[in-house]
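# Notes for the structure review
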Amino acid sequence: EQPRVLITTTPKPTRLLKSIITDPKTYITRGRTADNVANLAPTFVSSIMARYGGTRLGRQELDAELLEDTPGALWKRSDIEASRIEPARLPLLRRVVVAIDPAVSNNENSDETGIVVAGRADDGHAYVIADYSLKASPDGWAREAVKAYHRHHADRIIAEVNNGGALVEATVRMVDPNVSYKAVHASRGKAVRAEPIAALYEQHRVHHVGSHQVLEDQMSAFTSDFDRKKSGYSPDRIDALVWALTELMVENSPGWGIIEHARLEVEKMNQCIDLNDTARF
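Per-chain numbering applies: the sequence of each chain, read as written, is numbered from 1 onward. Where local features are concerned, this predicted model is filtered to residues with pLDDT of at least 70; where side-chain atom pairs are given and counted, the filter is 80 or more; whole-chain, interface and lining totals use all residues. Where side-chain values are given, they derive from all heavy atoms of the structure, hydrogens and water being excluded.

With that settled, the discussion passes to the overall build of the chain. Helix and strand definitions follow DSSP, with helices as H or I runs of at least four residues and strands as E runs of at least two, each counted in order from the N terminus. When its secondary structure is counted, the chain shows 11 helices and 6 strands. Relative accessibility decides the category of a residue: with a 1.4 Å probe and only protein chains considered, values under 20% of the type maximum give buried, values over 50% give exposed, and everything between is partly exposed. Within the chain, the proportion of its 281 residues that are buried is 39%. In this description, contact between two residues means that some pair of their heavy atoms is separated by no more than 4.5 Å. In the chain, 68% of the contacts between residues at least 6 apart in sequence involve partners at least 24 apart. The method behind every accessible area is Shrake-Rupley, applied with a 1.4 Å probe, and residues are considered shielded solely by the protein chains displayed. Taken as a whole, the chain presents about 16,700 Å² of accessible surface, with 53% of it coming from carbon and sulfur.

In this section: the nonpolar core. Here, nonpolar core refers to any group of buried Ala, Val, Leu, Ile, Met, Phe, Trp, Tyr and Cys residues whose side-chain atoms link them within 4.5 Å. Judged by nonpolar contacts, the single largest core of 32 residues is most densely connected at Trp75, Tyr201, Met219, Phe222, Leu241 and Leu245. Those elements that provide at least two residues to this core are strand 1 (93-101), strand 2 (114-121), strand 3 (126-131), helix 7 (190-202), helix 8 (213-220) and helix 10 (236-249). Considering every element that reaches this core, the biggest residue donor is helix 10, with 9 residues. In this view, Met219 contacts Ala73, Trp75, Ile80, Tyr201, His208, Ile238 and Leu241; residues no more than four positions away in its chain are not counted. Counting residues in hydrophobic clusters, the runner-up holds 27 residues, among them Ile129, Ala130, Val146 and Ile157.

Let us look at the pattern of salt bridges. Salt bridge, as used here, is a side-chain nitrogen of Lys or Arg placed within 4 Å of a carboxyl oxygen of Asp or Glu. Counted according to the given criterion, the structure contains 16 salt bridges. Close ionic contact of Asp239 with Lys190 constitutes a salt bridge, the shortest N to O distance being 2.4 Å. Remark: Lys190 occurs in helix 7 and Asp239 occurs in helix 10; sequence separation between them is 49 residues. Here the salt bridges share partners, and the residues they tie into one network are Arg95, Arg156, Lys182 and Glu247.

No statement about biological role is implied by the geometric values presented.
What follows is the structure, given as structure tokens:
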């Protein structure tokens, strides 16, 4: 007659959790780690405080605060939310790509393989359709990517090959030798590659079709100085998203190849100078 449900969770600012919190029928209690010290091992308390104490993430994980946007994050949840559409409103897409950011290992501590599907319509806007990222063996993520390729009638699979080289394409073609495939190389850092894509979100030219909660959590926490060791994960979903939208939306300016070649040569020279200075020291 009066059904109820109890939810216990870390207060992450997801769309679903915020809707539950703002529902007038929801009764909320909050508990801080400090309130539970008597029931926790002292070594756990000291280690967790050393790791998160005084940090913004600590306010969420230890003090149960609901934090909206990470300061300096490239993406704002408000921009994502403002451009979100329901699947029924998805227009006809002229191009669809499946982007892969493959993990370099396969064990319990491995990173996820990012697999994101996105398309572009005649209105010049991009639409993020699906996120199939997962932890899996090379055969597992290749099968998932090829399945997404056929499910969404994609035009091409895009894969970052910095760590896997020709093996990435070979793994995909072992599943289906007939897929259209393009390899991409990361010559710049993650944040630099992500900046033009984040600008498209600010211009409301990218729309998420439905909700992609884990991807959006990564996006709203990704800053230009992102440290994967401190964060405890690699933003592989973001990498896949950036590769997909770069393929669909970013056009290189005239002479870009010469400029990029010069930039890489300068980087090599700077690295040599740094090594020589270190040797002299």
